[in-house]
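# Results of the structural survey
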Amino acid sequence: MKTLSENVAFGGMQGVYSHTSDACNCEMTFAVYLPPAAKEGPVPVLWYLSGLTCTHENAMVKTGAQAWAAKAGIALVFPDTSPRGEGVADDEAFDLGQGAGFYVDATQKPWAPHFSMWSYIREELPKLVFRNFNLNEQAQGITGHSMGGHGALTLALNHPEQYISASAFAPICNPTGSDWGRNQLSAYLGPDEATWARHDASLLMAQHGFHSPVLIDQGAADQFLGLLKPEKLAGAMATRRQPGSFRMQPGYDHSYFFVASFMEDHIRHHAEILHAI
């Protein structure tokens, strides 16, 4: 692991690091924020997965998350959204290829050699950060925005033994039922739709729900509502009687202004659950 930068922030440390990833077969960059409490002992960790076209940097610099994490005594990890670099497959479309890993393990050409973001986020990167930072491995939460909200929810719903808390900002809720999902899932996973189901938060929520309250925020003025399909997830939560909240926020769009506006609520949501274990 290489240290690219470290900056004191709100009494803690915001660092950016890189390493050679076996899962993605390339060099990967990620960021970690350690709150002041990490100087005294292991702290809970919140994974933040970003959306299409983003890197580790977008949420790190635009959401104000470090201020709230410092107060809550939890660490933040900001992974990249895809493999990158020379020799890594790409596409002209902004929602496929580099910057658009969709948090799946690709099985199809030309994506399979590098696009293993599911394994990277769930297995490889956790091993690295828990080995190098003062974090409590038993207290992990996960959140994300848009494509990252999709990844956060599907990872949590598939692996509740790993993630104690879950939330999302404007997630892609029903990718198997929208153009913003079907194209990508077929490209990465192939035409067998049975392999897509574990990557659809609405289907997973309807099947078995989550073991702790889930917080979802969605901007009511989001320009991508037709692709995100929030009504599918809201309906699944209601049918399942899933504890938690699905909040439509009047006037808010899909931007980081929306994410920053409700970041404090989400960090508080995770901190209350993670500190209680």
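Scroll up to find the structure.
Now for a description of the structure that goes with this document. (Residues numbered from 1 in each chain as written. Predicted model: local features only at pLDDT ≥ 70, side-chain atom pairs only at ≥ 80, totals over all residues. Heavy atoms only, no water.)

## Regarding the layout of surface pockets
Looking at the largest pocket, its volume works out to about 180 Å³. As for the largest pocket, its lining consists of Gly51, Leu52, Thr53, Cys54, Phe94, His145, Ser146, Trp180, Phe224, His254, Ser255 and Tyr256. By residue class, the composition of the lining of the largest pocket is six nonpolar, six polar and no charged. (1 Å grid on protein atoms, 1.4 Å probe; cavity = no way out; pocket = protein on both sides within 12 Å on 5 of 7 lines; lining within 4 Å. Points joined across faces, edges and corners; volume = space filled by probe spheres on them. Nonpolar A, V, L, I, M, F, W, Y, C, P; charged D, E, K, R; others polar.)

## Things to note about the packing of helix 4 (residues 147-158) against helix 6 (residues 201-208)
Where helix 4 meets helix 6, the axes come as close as 9 Å, and the angle between the chain directions of the two elements is 30°. Of the possible angle classes, the one that applies to helix 4 and helix 6 is roughly parallel. Where helix 4 crosses over helix 6, the handedness of that crossing is left-handed. Side by side, helix 4 and helix 6 meet where Leu153, Thr154, Leu157 and Asn158 of the first sit next to Ala201, Leu204, Met205 and His208 of the second. Grouping the constituent residues of the contact of helix 4 with helix 6 by class yields five nonpolar, three polar and no charged. (Axes fitted to C-alpha atoms, helices over the stretch in contact; angles between N-to-C directions. Helix = DSSP H or I, 4+ residues; strand = E, 2+ residues; numbered from the N terminus. Parallel < 35°, antiparallel > 145°, perpendicular 65-115°, else oblique. Left-handed = near helix turned anticlockwise from the far one by under 90°. Contact = heavy atoms within 4.5 Å.)

## Re the pairing of strand 2 (residues 12-21)
With eight of ten residues buried, strand 2 is to be regarded as a mostly interior element. By the bridge criterion, seven bridges tie strand 1 (residues 2-9) to strand 2 in an arrangement that is antiparallel. The partner of Ala9 across the bridge, within strand 2, is Gly12. A loop of two residues connects strand 1 with strand 2, the two strands running antiparallel in sequence, and Phe10 in this loop sits at a positive phi of about 55°. Note that strand 2 and strand 3 (residues 26-34) share nine bridges and pair antiparallel. Across the sheet, Met13 pairs through a bridge with Leu34, a residue of strand 3. (Buried < 20%, exposed > 50% of the residue type's maximum accessible area, 1.4 Å probe, protein only. Pairing = 2+ DSSP bridges.)

## Remarks on the pairing of strand 7 (residues 165-169)
Among the five residues in strand 7, five count as buried, and that is most of the element. Of the two faces of strand 7, the one holding Ser165, Ser167 and Phe169 and the one holding Ala166 and Ala168 are both buried throughout. Strand direction decides the pairing type here: strand 6 (residues 135-144) and strand 7, joined by two bridges, are parallel. From the neighbouring strand, Ile142 faces strand 7, where its bridge partner is Ala166. Relative to strand 8 (residues 214-219), strand 7 is paired through four bridges, and the arrangement is parallel. Paired with Ala168 across the strands is Ile216, a residue of strand 8.

## With respect to the packing of helix 3 (residues 117-132) against helix 4
For the pair helix 3 and helix 4, the least separation of the axes is 12 Å and the interaxial angle reads 60°. Between helix 3 and helix 4, the crossing angle belongs to the class labelled oblique. The interaxial crossing formed by helix 3 with helix 4 has right-handed handedness. Across the interface between the two elements, Trp118, Ile121 and Arg122 of helix 3 pack against Thr154, Leu155 and Asn158 of helix 4. Looking at the contact of helix 3 with helix 4, its residues break down into three nonpolar, two polar and one charged.

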